[in-house]
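# Secondary and tertiary structure notes
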Amino acid sequence: MNRVLIQLSGLILLAMLAGCKSSSSPQVSRQAILSALTQVPAEKPVSPPALVKAKPSKVTTVKAPLRDDDLWQHIRQKLSFNTTSHPRLNKRIKWYLSQPNYLNVVNRRAAPYFYHVVKKVERKGLPIEIALLPFVESDFRPKAKSQQNAVGVWQLVDATAYHFGIKKDEWYDGRQDVLASTDAALDYLLYLHERFDGDWLHALAAYNSGEGRVKKAIAKNRKAGKSTHFWHLTLPKETADYVPKLLALSHLLKTSPKGFKIPSLPNKATTSILDIGQQFDVNQLAKLSGIKKRQLYALNQGILKHRSSPNGPHKVLLPLSEQALLKSAFFRENFSQGYTVKANDTLYRIALNAGMSVSALKALNNKTSDLIRVGEKLLVSESNEQLDLLVDYDVSPYIQEIKAKPIPQVEHHHTIKQGESLWTISRHYKVAVKDLLNWNSLTAQTLLKPGKVLMVFLPAPAAPKSNKTQPASSSISSVEAIQSILRYGKPKQSESPN
């Protein structure tokens with residue numbers, strides 16, 4: 001095409017020049033111009049590219065994608081932390097390699113919960129490495145307790161747990177509830193991530209040793225003109241080793257070196273949460289569901305006694321997938337009711353009103369499509385308020401629970417010092433920030449002024465024990481007496497002498 005344009009331009013130029021020259025100059029005819037416009041240039045034949053044989057030494061192979069049906073392989077694909085070599089990191093890598101079965105052993109403890117933990121991490125948009133923290137924190141032991149009284153797989157202290165919504169009373173400790181404590185720990189980590197301007201290593205260090213300590217270490221380095229990167233901070237040994245533990249685990253999962261055994265778990269839920277909707281007795285729930293009481297306690301280690309707390313939560317983790325639970329006679333008979341589809345109903349609207357997901361509603365009704373018709377009968381989730389899930393301990397052969405007496409408290413006055421916050425004061429006295437706010441009629445936005453006095457209510461010191469010897473008859477507790485009566489009957493009264 002370009003050649004035609006060039007030829008046409010030449011002909012037009014000749015025609016213009018012809019007007020300027022004498023009549024004896026050659027004329028360009030209209031026919032010649034028309035012929036140039038309609039001329040189709042011959043295309044050059046395109047020869048196929050030459051086949052170049054690659055040298056054997058430079059042939060590369062593309063690895064097959066990691067399987068996404070396995071939870072650990074799913075995690076491996078999403079790892080994002082930079083694990084640049086460092087002596088402290090290398091030390092932790094060597095430790096993991098010297099314990100080749102460690103991850104598999106801990107994985108067995110994590111199995112009922114780990115899928116849920118990973119999904120919670122992903123829903124909140126956190127790096128997938130955060131899901132590995134319970135391995136570093138507690139070896140995934142729900143009842144693990146540190147010397148600083150941090151409890152559970154996420155090692156939460158009482159004040160932090162309370163601040164981030166964890167419930168705790170004589171019946172229930174949410175720090176030992178793996179999924180409830182996961183929600184609180186992830187919220188705390190998001191808070192720290194924001195406080196440290198998006199630096200996850202600083203946030204993780206603060207999770208372990210406290211926000212103030214890490215901020216002081218950063219300020220010290222900045223003042224001295226040193227790097228404020230985690231590796232350059234002066235922190236307690238436990239914290240200095242804590243972050244490398246997580247980075248080493250991430251590095252080994254990414255690189256999968258010889259001798260390092262990566263566990264395997266299905267990338268789907270094998271347990272599901274059921275909200276009973278009322279206080280329940282574990283023994284009654286076991287009988288009703290056919291699940292062993294020991295297994296219910298093992299999965300729900302936040303439950304401290306024979307029943308859920310009167311104040312809730314009344315949720316229980318069951319050793320069934322959601323599909324299996326929804327199809328079970330236990331759920332259909334006790335936790336669902338019939339619903340007739342009305343005009344303009346959709347599966348989404350029905351599920352929303354019933355407090356279910358659309359997928360759960362479809363599974364409960366064995367539906368594979370979203371199509372419903374007016375008049376169709378569906379089952380929807382519904383708590384059965386008539387279901388008796390409690391044992392009447394006043395008339396049963398069980399020993400009635402003895403209510404704990406309220407702990408006497410004394411009022412203490414704390415004078416605020418420079419640099420103190422509600423958080424640091426609450427940690428010092430081991431009380432909740434919320435209680436400090438209530439006791440002093442403050443809000444979370446109140447600025448603390450040095451010299452101001454705060455009221456703090458602390459447990460009263462125990463009264464000194466009496467050295468007087470008690471009569472032998474009073475040494476038997478009332479509980480022991482009741483147990484004796486239940487086992488052997490009432491003792492016969494001895495006849496009085498005449």
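Computed from a prediction, not measured in an experiment: that's the story for all the values here.

## Thoughts on the overall build of the chain
- Scanning the chain from N- to C-terminus turns up 21 helices and six strands.
- Within the chain, the proportion of its 498 residues that are buried is 38%.
- Once local pairs closer than 6 in sequence are excluded, the contacts in the chain between residues at least 24 apart make up 68%.
- For the chain, the exposed area adds up to about 31,600 Å²; of that, 54% sits on carbon and sulfur atoms.

## Describing helix 6 (residues 114-123)
- Of all the 10 residues making up helix 6, seven are buried; the element is thus mostly covered by neighbouring parts of the structure.
- Lining the buried residues of helix 6 we find helix 3 (71-78), helix 5 (102-110), helix 7 (133-138), helix 9 (178-195), strand 1 (272-275) and strand 2 (315-318).
- A positive backbone phi angle near 75 degrees is found at G125, which sits one or two residues after helix 6.

## As for the pattern of salt bridges
- Counted according to the given criterion, the structure contains 10 salt bridges.
- For K119, the salt bridge identified is with E122, shortest N-O distance 3.1 Å. Of this pair, K119 and E122 both sit in helix 6, three residues apart, which is roughly one turn of that helix.
- The class for K119 is buried, based on a relative accessible area of 19%.
- D183 serves as the salt-bridge partner of K120, at 2.9 Å between the closest nitrogen and oxygen. Residue K120 is located in helix 6, and its partner D183 is located in helix 9; the two are separated by 63 residues in the primary sequence.
- Residue K120 is classed as buried on the basis of its relative accessible area, which comes to 15%.

## Thoughts on the nonpolar core
- Grouped together as the largest cluster of nonpolar side chains are 80 residues, with contacts concentrated most on F114, F135, F140, W154 and L189.
- Setting aside its immediate chain neighbours within four residues, F135 contacts W72, Y102, L103, V106, N107, A110, F114, F140 and L249.

## A closer look at the packing of aromatic side chains
- Tallied over the entire structure, the rule returns 15 aromatic pairs.
- Pairing W95 with Y102 gives two aromatic rings, centres 5.5 Å apart and planes at 75 degrees, and the pair type is edge-to-face.
- Plain terms: the ring middles of W439 and F457 are 5.3 Å apart, the flat faces sit at 70 degrees to each other, and that makes the pair edge-to-face. Taken as a pair, W439 in helix 20 (residues 433-439) and F457 in strand 6 (residues 453-459) lie far apart in primary sequence, 18 residues in all.

## Some remarks on the environment of Q323
- Assignment of secondary structure puts Q323 in helix 15 (residues 322-327).
- When the C-alpha atoms of Q323 and N366 are compared, they prove to be 9.7 Å apart, with 43 residues separating the residues in sequence.

## Some details on the packing of helix 4 (residues 87-98) against helix 12 (residues 237-255)
- Interaxial distance between helix 4 and helix 12 falls to 8 Å at its minimum, and their mutual angle equals 60 degrees. With respect to each other, helix 4 and helix 12 are oriented oblique. Here the hand of the crossing between helix 4 and helix 12 comes out right-handed. Of helix 12, the residues touching helix 4 (which contributes R88, L89, R92, I93, Y96 and L97) are A240, D241, P244, K245, L247, A248, L249, H251 and L252.
- Residues belonging to the contact of helix 4 with helix 12 are distributed by class as follows: 10 nonpolar, one polar and four charged.

## Considering the environment of A219
- Mapped onto the fold, A219 is located in helix 11 (residues 211-223).
- Between the alpha carbons of A219 and L233 there is a distance of 9.7 Å; along the sequence they are 14 residues apart.

## Structural notes on the packing of helix 10 (residues 200-209) against helix 12
- Between helix 10 and helix 12, the shortest axis-to-axis distance is 9 Å and the interhelical angle comes to 125 degrees. Compared by their axis directions, helix 10 and helix 12 come out oblique. Crossing of helix 10 over helix 12 shows right-handed handedness. Contacts from L201, L204, A205, Y207, N208 and S209 in helix 10 reach E238, T239, Y242, V243, L246 and L247 in helix 12.
- For the contact of helix 10 with helix 12, the class distribution of residues is eight nonpolar, three polar and one charged.

## Points about the side chain of K119
- In this structure the side chain of K119 is engaged in a polar contact, spanning 3.1 Å, whose partner is the side chain of E122.
- In contact with K119, other than residues within four places in its own chain, are H74 and N267.

## Considerations on the confidence of the model for the chain
- Per-residue pLDDT for the chain averages 79, and the proportion of residues at 70 or more is 74%.
- Confidence over residues 482-490 falls short of pLDDT 50; this stretch has six contacts with residues more than four positions distant or in other chains.
- This model gives residues 492-498 a pLDDT under 50, and the stretch forms zero contacts once residues within four places in sequence are excluded.

## A few points about unusual backbone geometry
- Here the residue pair G312 and P313 is connected by a cis peptide bond, since its omega of 0 degrees sits within 30 degrees of zero.
- Along the chain, P313 turns up in the loop between helix 14 (293-299) and strand 2.
- One non-glycine residue, Q155, lies in the positive phi region at around 50 degrees.
- Residue Q155 is classed as buried on the basis of its relative accessible area of 16%.
- Residue D197 is not a glycine yet carries a positive backbone phi of 55 degrees.
- Structurally, D197 can be placed in the loop between helix 9 and helix 10.

Cut-offs and rules
- Residues numbered from 1 in each chain as written.
- Predicted model: local features only at pLDDT ≥ 70, side-chain atom pairs only at ≥ 80, totals over all residues.
- Heavy atoms only, no water.
- Helix = DSSP H or I, 4+ residues; strand = E, 2+ residues; numbered from the N terminus.
- Buried < 20%, exposed > 50% of the residue type's maximum accessible area, 1.4 Å probe, protein only.
- Contact = heavy atoms within 4.5 Å.
- Areas by Shrake-Rupley, 256 points an atom, 1.4 Å probe, with all protein chains shown as cover.
- Salt bridge = Lys/Arg side-chain N within 4 Å of Asp/Glu carboxyl O.
- Core = buried A, V, L, I, M, F, W, Y, C linked by side-chain atoms within 4.5 Å.
- Phe/Tyr/Trp six-rings, centres within 6.5 Å; stacked < 30°, edge-to-face > 60°.
- Axes fitted to C-alpha atoms, helices over the stretch in contact; angles between N-to-C directions.
- Parallel < 35°, antiparallel > 145°, perpendicular 65-115°, else oblique.
- Left-handed = near helix turned anticlockwise from the far one by under 90°.
- Nonpolar A, V, L, I, M, F, W, Y, C, P; charged D, E, K, R; others polar.
- Polar contact = N/O pair within 3.5 Å; in protein donor to acceptor, adjacent residues only side chain to side chain.
- pLDDT = per-residue confidence, 0-100.

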